[in-house]
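Listed below, chain by chain, are the residues.
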Amino acid sequence: MAVDLKQSVRRLIEEAYGKGNYDVFDEVCDPGYRAHDPLSGDTDLAKSKALCQGYKEAFPDLKPTILASFIDGDCVITQWRMTGTHQRELMGIAPTGNRCTVEGISISRFRGAKIVEDWVQWDALGFMKQLGVAPNLQAGAGGRTQPRPHA
């Protein structure tokens, strides 16, 4: 029976982040799974599940939306959006009640029917700004207000 790779990634995102079904990690990911994320760094399967659980607990109404999905060889590229309300502590950040929306792209590499590695890029700075814990940089910060013309 052939595995639909795009459907495996969709299941991971929708069931784990949307429904809190963390067992889906074990169903679609290889035991040696590794993830690379701009906020949490490199994580193994257990740490990835724990991070997902932390986000879902902090944002109980977390709603993932798949915007696009493509296959290239053994990789699935997924563009996604997450929306939710910060209702519980997240990474030491007290609940703000803020409604947050972030978008990102995941590249999931498969070996056979299992995800062995994910590279994730998402607007972590924008997310931290929405939570009120990141500086809101102004145009012209650093002493320049206009780009310099090329000579």
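Details of the overall build of the chain
And then number 1: Of regular secondary structure, the chain possesses 4 helices and 6 strands.
And then number 2: The order of helices and strands in the chain, counted from the N terminus, is α-α-β-β-α-β-β-β-β-α.
And then number 3: Burial statistics for the chain: of 151 residues in total, 38% are counted as buried.
And then number 4: Within the chain, residue pairs in contact and separated by at least 24 positions form 55% of the contacts whose partners lie at least 6 positions apart.
And then number 5: Counting only carbon and sulfur atoms, one obtains 52% of the accessible surface of the chain, whose full area is about 8700 Å².

Some points on helix α4 (residues 124-131)
And then number 1: For α4, the full list of buried residues reads Ala124, Gly126, Phe127, Met128 and Leu131.
And then number 2: Of the surrounding elements, those touching the buried residues of α4 are α3 (45-58), β5 (99-111) and β6 (114-122).
And then number 3: At the exit of α4 stands Gly132, carrying a positive phi of roughly 80°.

Digging into empty space enclosed by the protein
And then number 1: As enumerated under the stated definition, the model contains 1 cavity of 30 Å³ or more in all.
And then number 2: Taken as a whole, the largest cavity holds about 540 Å³ of empty space.
And then number 3: The wall of the largest cavity is formed by 30 residues, among which Tyr17, Asp37, Trp80, Met82 and Val120 lie closest to the centre.
And then number 4: Of all the secondary structure elements, the ones that give two or more residues to the lining of the largest cavity are α1 (5-19), β1 (29-37), β2 (41-44), α3, β4 (75-85), β5 and β6.

Focus on unusual backbone geometry
And then number 1: Even without a glycine there, the phi angle at Met91 is positive, about 50°.
And then number 2: Note on placement: Met91 falls in the loop between β4 and β5.

Let's talk about the side chain of Asp37
And then number 1: The residue Asp37 is located in strand β1 in this model.
And then number 2: One buried charged residue, Asp37, forms no salt bridge at all, with the nearest opposite charge on Lys47 at 11 Å.
And then number 3: A polar contact of 2.7 Å, which involves the side chain of Asp37, links it to the backbone nitrogen of Leu39.
And then number 4: At a separation of 2.9 Å, a polar atom in the side chain of Asp37 contacts the side chain of Trp122.
And then number 5: Residue contacts for Asp37: discarding those within four places in its chain leaves Val120 and Trp122.

Calculation rules
- Residues numbered from 1 in each chain as written.
- Predicted model: local features only at pLDDT ≥ 70, side-chain atom pairs only at ≥ 80, totals over all residues.
- Heavy atoms only, no water.
- Helix = DSSP H or I, 4+ residues; strand = E, 2+ residues; numbered from the N terminus.
- Buried < 20%, exposed > 50% of the residue type's maximum accessible area, 1.4 Å probe, protein only.
- Contact = heavy atoms within 4.5 Å.
- Areas by Shrake-Rupley, 256 points an atom, 1.4 Å probe, with all protein chains shown as cover.
- 1 Å grid on protein atoms, 1.4 Å probe; cavity = no way out; pocket = protein on both sides within 12 Å on 5 of 7 lines; lining within 4 Å.
- Points joined across faces, edges and corners; volume = space filled by probe spheres on them.
- Lys, Arg positive; Asp, Glu negative; His and termini not counted.
- Salt bridge = Lys/Arg side-chain N within 4 Å of Asp/Glu carboxyl O.
- Polar contact = N/O pair within 3.5 Å; in protein donor to acceptor, adjacent residues only side chain to side chain.

Nothing here speaks to function; it is all geometry.
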